[in-house]
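# A closer look at the structure
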Amino acid sequence: MAHGTEHVYSVGNEGREVFWNAPFELILFAFTAVAMAIFAYGLYKRWQLWKALGRPEDRTDNAGERIKSLIVNGLFQVKTFKDAYPGIMHALIFFGFFVLIFGAAIDATQFHIGLPFFHGKFYLWFSLTMEIFGLAVLLGVAIALYRRYIEKPDRLGYRGTPDNTADDAIVLVGIGAIIITGFIIEALRLHVNVNEDGFTWGAWSFVGYALSKTFTGIGFDTARILHKWMWWIHTFIVLGLIAYIPWSRLLHIITSSANQYMISLKPKGYLEPIADFENAESFGVGQLEDFTWKQIFDSDACTRCGRCQDGCPAYLTGKPLSPKKVIQDLKTYWLERAPVVHAAKKAAAEGEEPVIPEPEKMMVGEVIDLHELWACTNCMYCMEHCPVCIEHIPKIIGMRQYKVLMEADFAPELQLTYRNMENNSNPWGIGAHLRQDWAAEVGVKTLAEDADVEYLFYVGCSGSFDDRGKKVAIALAKILKEAGVRFGVLGPEEGCCGDSAMRGGNEYLYQIMAQTNIEVMNGYNVKKIITMCPHGYNAIKKDYPHFGGNFEVYHHTEILADLIAQGRIKLKNSVEGTFTYHDSCFLGRYNDVYDQPRNALKAVPGMNLVEMSSCFNKSFCCGAGGARMWMEEDIGERINDVRADQAIAANASTIAVGCPFCLTMMADGIKDRGKEETMEALDIAEIIWEAMGLEEAVPPAEETPSEAPKEETAE
Amino acid sequence: MNIVACVKQVPDTEALIKVKPDGSGIDEGGIKWVMSPYDEFGVEEALKTKEKFGGEVTIVSVGPARTMETIRTALAMGAEKAIHIDDPALYNADAYATASALAAAIKDIPHDIIFCGMRAIDDDSGQVGSVLAELLGLPQVTVITKLDIEGQTAKAIKPIEGAQLLIETSLPCVITAQKGLNEPRYASLPGIMKAKKKPVEVKNAGDLGLAVDQKSAVAKMSPPPARPPGKIIQGDDPAAKAAEVIRLLREEAKVI
């Protein structure tokens, strides 16, 4: 019956009989059908839960980009590989199984239809390939078991308590058992094929062949019986695991892939604005159904790998927040709520009174603790490193919006910040009329005075009001003037960019800030903008277009790197000491600006630039993003101190930054660690201006009064 | 309980104040107007009282059209309705005239307790609450940092130099609020949206049957003298520099 039997295998025509000894029986189809039915039923039930809750959201547009994401991150596991150890572990299992399934399909095709090439050289290499990938899976499973149950990395738990479930073990043991029983079957077959039938090519299946050498004491008839038994055990484990997929973590095969397909195609860090304040009844996310269905689906794609948690500045400094825990807690809550809601909707569809029972637990405050909610710095580490493209930050901000806009229940210090922004358009609440004072000594014109410029220098609140930030603004303005860049500022017409309001959940205030700025900028027909704060940079670049603000936006480090590359500024003073560059989250992870700041620094004569242990897209946040700049940090260690420790460990004497928030945080971290005598934090603009050697100005920090007093100090 | 809170719109504490050249007042251009911070404590206490005992909070304010923004802020915080007394005759009113206007509006509505800030941060007169109580013939407790209401009795804490007084009075009464009484709430967005639709009665002096009577008037407003520039004492000899500092403190500043 089977095509394989037509061959007579010999050297030169190597092969084997598919379903040797364990002949194909129709009942196998029946068992397979049962397994598939259980699988399909499980998926159907899950589908109902996915559909039960959430607002609509389109994640199916632009299929080309989506397929690309699926191929890159699903098929080729690119994001998974970014962390090599678990990446390789997963790849061994993933690619191993991928090839084995493909092999099984070839076997089946050979059996049912016949493959003219399934013998000889092809067969031998095929056997070897299957052998190698089978071994790969086994190795992957062994590493996974070792890692999860012996090594126990913190990321596979929460604060030292592993979050292992029985399911984790069942799946790993199940996969391992498939491979092991597969090799035993092969070994038993080879024991007979080689020793009785005289197959001389058995060694190509080297694992099974080696194993068969241990079976020498087993008679051929006994081997045949054992083989048959083992074959059915193997088959049942395989079918069992297929049926088990929708009920277990194996579901991630489907959900994670789906999530990679449904990736956000918006710019990184994009937040969907609240569209209609006037007519909406509620704002933000107060309960599960206020999320979009995709935001809820995210939690079902989570595999608890814990990469998010591994670099989360809040988690690593002892705050209750873990991005993984947030997603898992939402998942648990969804699994409680979704069946209830689904049943209620079903009843309603059948004509009964639609009664969706109230949730027993508040989502914001009980399921997600408020300390977790407010600990997030929006640093994007979690989203950047999530291999299955889960979007944590929009969920956090959605829930913050609920607390701020609906309940007005949030930290008093943040309330003060918002009032300051309302009244004086800056978080410090310094008189709005003082916004241009920093420029007194540089002589920068406002657009009102001269609108014929190439760039608007959007100074932002730090550069305008913060004493430390003002020094950066002055240094930058001097560089731009020296380089002959035609630029102007808005002066008192400039307003706060609103980033802290947006990320702190006050979308209403943010939109007022954004619209006010856009009106002024459009009024001057602004085309290009330079910002000295990555928060304004990101907001103006990515979020202002919603409100009619379409500008080419550059961060000053991008401009500086360009001016240096073009030779428009000359660096002649050399620097001493060791520098390290601290990647601002809103420059690095949000906008992939990693090289320009470093290139600018490397152009400085005598520059000794070292990297901290966390750098580039694994950079450790300073602690000030996500409106945390304005909030008390009273749980755990201070994030900026931990970052300062990394700079100290790198033997840096200067922490170079490109963000005024980072500048404040790093300077404070240096002070907290008692290193202000030997270390300082400087903005790249200050370093460059110093290196240009045009004056002895821009005192590096307050503690160097050795500088000759200048005329300006008289005021 | 029928609760009234009086508010005044004042320039933001950080605003740049420019006195008009003729000394008749301040140049209002570019000024951000806010609710006087002590009035915010009053509004917050009014809302807390309502939340505890039920009832309604009515906001009453005297001022030009721009005052509506401050009234809406109080409504956004949670007050139910407002009376806006807008009459040119009251734009530069003194404490007595302002209190008369407030009294004229409040006497016609039910009031179990009336909250005012202990003073407004623009003219610092600190009299309106007291005059209002007198005009309405009500007891008053001023500059309080804690309030407990039990039945028809109000118990208020008033800090004084080196001690605090526990003052009891009967309702209805006028309370003026000092910092420390509470933390004024941040208005929720639904609150802000609803505030736009809450009823605000705009009345002038005629509507209130009020003949504006000023007991005092600002004769002239002038900016404070410009701060003289700081002096840096030059020299190499610390002792001589110290001697010079002492001389200047004695002879010029006359502080020692």
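All of these numbers come straight from a predicted model, not from anything done at the bench. (Residues numbered from 1 in each chain as written. Chains lettered and ligands numbered in written order. Predicted model: local features only at pLDDT ≥ 70, side-chain atom pairs only at ≥ 80, totals over all residues. Heavy atoms only, no water.)

To continue, consider the overall build of chain A. When helices and strands are tallied, chain A shows 27 helices and 10 strands. Dimensions of chain A, computed from the C-alpha atoms along their principal axes, are close to 105 × 70 × 45 Å. Restricting the contact set of chain A to residue pairs at least 6 apart, pairs at least 24 apart contribute 79%. Split by element, the accessible area of chain A, about 29,900 Å² in all, is 60% carbon and sulfur. Mean positive and mean negative side-chain charge positions of chain A (65 and 90 charges, respectively) differ by 5 Å. (Helix = DSSP H or I, 4+ residues; strand = E, 2+ residues; numbered from the N terminus. Contact = heavy atoms within 4.5 Å. Areas by Shrake-Rupley, 256 points an atom, 1.4 Å probe, with all protein chains shown as cover. Lys, Arg positive; Asp, Glu negative; His and termini not counted. Charge placed at Lys NZ, Arg CZ, Asp CG, Glu CD.)

A separate point is a nonpolar patch on the surface. Residues Val34, Ile38, Tyr41, Tyr44, Trp47 and Trp247 of chain A make up a contiguous nonpolar surface patch of about 660 Å² in total accessible area. Looking at where Tyr44 of chain A falls in the secondary structure, it is placed in helix 1 (residues 26–52). (Patch = residues over 30% accessible without salt bridge, like charges linked within 9 Å, V, L, I, M, F, W, Y side chains within 5 Å. Salt bridge = Lys/Arg side-chain N within 4 Å of Asp/Glu carboxyl O.)

On the side of chain A, 20 residues touch chain B, which itself brings 17 residues to the contact. Both faces combined, the contact of chain B with chain A buries some 1,600 Å², and carbon together with sulfur accounts for 55% of it. When residues of chain B are sorted by the area they lose upon contact with chain A, Glu14, Tyr186 and Leu189 of chain B head the list and together hold 45% of the total. Across the contact surface, chain B and chain A share two salt bridges. With its nearest N and O atoms 3.1 Å apart, the salt bridge here joins Lys196 of chain B to Glu278 of chain A. There are eight residue pairs in polar contact (both at pLDDT 80 or more) connecting chain B and chain A. No other element matches helix 5 (residues 189–195) of chain B, which puts four residues into the side of chain B that touches chain A. Split into classes, the residues belonging to the side of chain B that touches chain A amount to 10 nonpolar, one polar and six charged. (Buried area = accessible area lost by both parts, 1.4 Å probe. Polar contact = N/O pair within 3.5 Å; in protein donor to acceptor, adjacent residues only side chain to side chain. Nonpolar A, V, L, I, M, F, W, Y, C, P; charged D, E, K, R; others polar.)

Further remarks concern the domain arrangement of chain A. Domain annotation of chain A identifies domain 1 (3–33 + 61–261), domain 2 (288–406) and domain 3 (412–698). Here the C-alpha centre of domain 3 of chain A lies 54 Å away from the C-alpha centre of domain 1 of chain A. (Domains from an automatic or database assignment.)

The next thing to look at is the pattern of salt bridges. All names here are of chain A. For the coordinates displayed, the defined rule picks out 59 salt bridges over all chains. A salt bridge links Asp310 to Arg155, with the shortest nitrogen-to-oxygen separation between them at 2.8 Å. Placement of Asp310 in helix 11 (residues 307–310) and of Arg155 in the loop between helix 5 (120–151) and strand 1 (157–158) is noted, with a sequence separation of 155 residues between them. Its relative accessible area of 34% is what places Asp310 among the partly exposed residues. On the basis of relative accessibility, which here comes to 8%, the residue Arg155 falls in the buried class. One network of salt bridges, with partners in common, ties together Glu57, Arg59, Lys294, Asp298, Glu391 and Lys395. (Buried < 20%, exposed > 50% of the residue type's maximum accessible area, 1.4 Å probe, protein only.)

Turning next to the sheet that holds strand 8 (residues 609–610) of chain A. Residues and elements named next belong to chain A. In spatial order, the strands read 8-7-9-10; together these four strands make up an open sheet with parallel pairing. Edge positions in the sheet fall to strand 8 and strand 10 (680–683), since each has one partner strand and no second. Against the sheet, helix 26 (residues 660–672) engages strand 9 (654–657) and strand 10, with an angle of about 170° to strand 10. (Pairing = 2+ DSSP bridges. Axes fitted to C-alpha atoms, helices over the stretch in contact; angles between N-to-C directions.)

Attention shifts here to the nonpolar core. Membership of the largest hydrophobic core comes to 150 residues, with the highest contact counts inside it found for Met363, Trp438 and Ile688 of chain A. Excluding residues that lie within four positions of it along the chain, Ile688 of chain A makes contacts with Ile479, Leu560, Ile564, Ile569, Leu571, Ala600 and Val604 of chain A. (Core = buried A, V, L, I, M, F, W, Y, C linked by side-chain atoms within 4.5 Å.)

What follows concerns the side chain of Asp39 of chain B. Residue and element names in this part refer to chain B. Inspection of the secondary structure assignment puts Asp39 in helix 1 (residues 37–53). Within the buried core, Asp39 has no salt-bridge partner, and the shortest N-O distance to an opposite charge, that of Lys8, equals 7.8 Å. Separated by 3.0 Å, the side chain of Asp39 and the backbone nitrogen of Gly117 make a polar contact. In contact with Asp39, not counting residues within four places along its chain, are Cys6, Val7, Lys8, Cys116 and Gly117.

To describe a pair of aromatic rings, you give the distance between the ring centres and the angle between the ring planes. Residues and elements named next belong to chain A. Counted by the stated rule, this structure contains 37 aromatic pairs over all chains. Pairing Trp47 with Trp50 gives two aromatic rings, centres 6.4 Å apart and planes at 75°, and the pair type is edge-to-face. Linking Trp47 with Trp50, this pair stays in helix 1, spanning three residues, or about one helical turn. Both rings, one in Phe94 and one in Phe95, keep their centres 5.1 Å apart while their planes meet at 75°; by these two values the pair is edge-to-face. These aromatic residues form a ring-pair network of at least three members: Phe19, Phe31, Phe111, Trp231, Trp232 and Phe236. One Lys or Arg, Lys325, reaches over the ring of Tyr158 and ends 5.6 Å from the middle of that ring. A cation over a ring is seen here: Arg598 above Phe616, with NZ or CZ 3.7 Å from the ring centre. (Phe/Tyr/Trp six-rings, centres within 6.5 Å; stacked < 30°, edge-to-face > 60°. Lys NZ or Arg CZ within 6 Å of the ring centre and 35° of its normal.)

Each pair of packed helices gets described by two things: the angle between the helix axes and the distance between those axes. Residue and element names in this part refer to chain B. Where helix 3 (residues 95–106) meets helix 4 (residues 128–136), the closest approach of the two axes is 8 Å, and the angle between their N-to-C directions is 50°. If you check the angle between helix 3 and helix 4, you find them oblique. Both helix 3 and helix 4 take part in a crossing whose hand is right-handed. Contacts between helix 3 and helix 4 involve Ala95, Tyr96, Thr98, Ala99, Ser100, Leu102, Ala103 and Ile106 from the first element and Val128, Val131, Leu132, Leu135 and Leu136 from the second. Grouping the constituent residues of the contact of helix 3 with helix 4 by class yields 11 nonpolar, two polar and no charged. (Parallel < 35°, antiparallel > 145°, perpendicular 65-115°, else oblique. Left-handed = near helix turned anticlockwise from the far one by under 90°.)

Moving on to the sheet that holds strand 9 (residues 153–160) of chain B. Residue and element names in this part refer to chain B. One open sheet accounts for three strands, arranged 8-9-10; its pairing is antiparallel. Both edges of this open sheet fall to strand 8 (146–150) and strand 10 (163–170), since each of them pairs with a single strand only. Pairwise comparison of adjacent strand axes, ignoring direction, gives a mean angle of 20° for this sheet. Examined bridge by bridge, strand 9 and strand 10 share eight bridges and lie antiparallel to one another. For Ile160, the partnering residue across the bridge sits in strand 10 and is Ala163.

All right, on to the environment of Met68 of chain B then. Residue and element names in this part refer to chain B. Following the sequence through the fold, Met68 ends up in helix 2 (residues 67–77). Since its relative accessible area comes to 22%, Met68 is described here as partly exposed. With 157 residues separating them in the primary sequence, Met68 and Pro225 have C-alpha atoms 34 Å apart. Here Met68 is in contact with His84, Val200 and Val202, once residues within four sequence places are set aside.

A negative phi angle characterises most non-glycine residues, just as the trans form characterises most peptide bonds. Going from Leu171 of chain B to Pro172 of chain B, the amide bond is cis rather than trans, its omega being -10°. Mapping Pro172 of chain B onto the fold places it in the loop between strand 10 and strand 11 (173–177). In this structure, Phe616 of chain A is a non-glycine residue whose phi angle is positive, near 50°. Among the secondary structure elements, Phe616 of chain A is positioned in the loop between strand 8 and helix 25 (639–649).

Our focus in this paragraph is the pairing of strand 5 (residues 528–531) of chain A. Residues and elements named next belong to chain A. Note that strand 3 (residues 455–458) and strand 5 share four bridges and pair parallel. Paired with Tyr458 across the two strands is Thr531, which belongs to strand 5. As judged from the four bridges shared by strand 5 and strand 6 (residues 552–555), these two strands associate in the parallel manner. What sits directly across from Ile529, in strand 6, is Val553. With helix 22 (residues 534–543) bridging strand 5 and its parallel neighbour strand 6, the resulting β-α-β unit is right-handed. (Right-handed = clockwise from strand over helix to strand, strands pointing away.)

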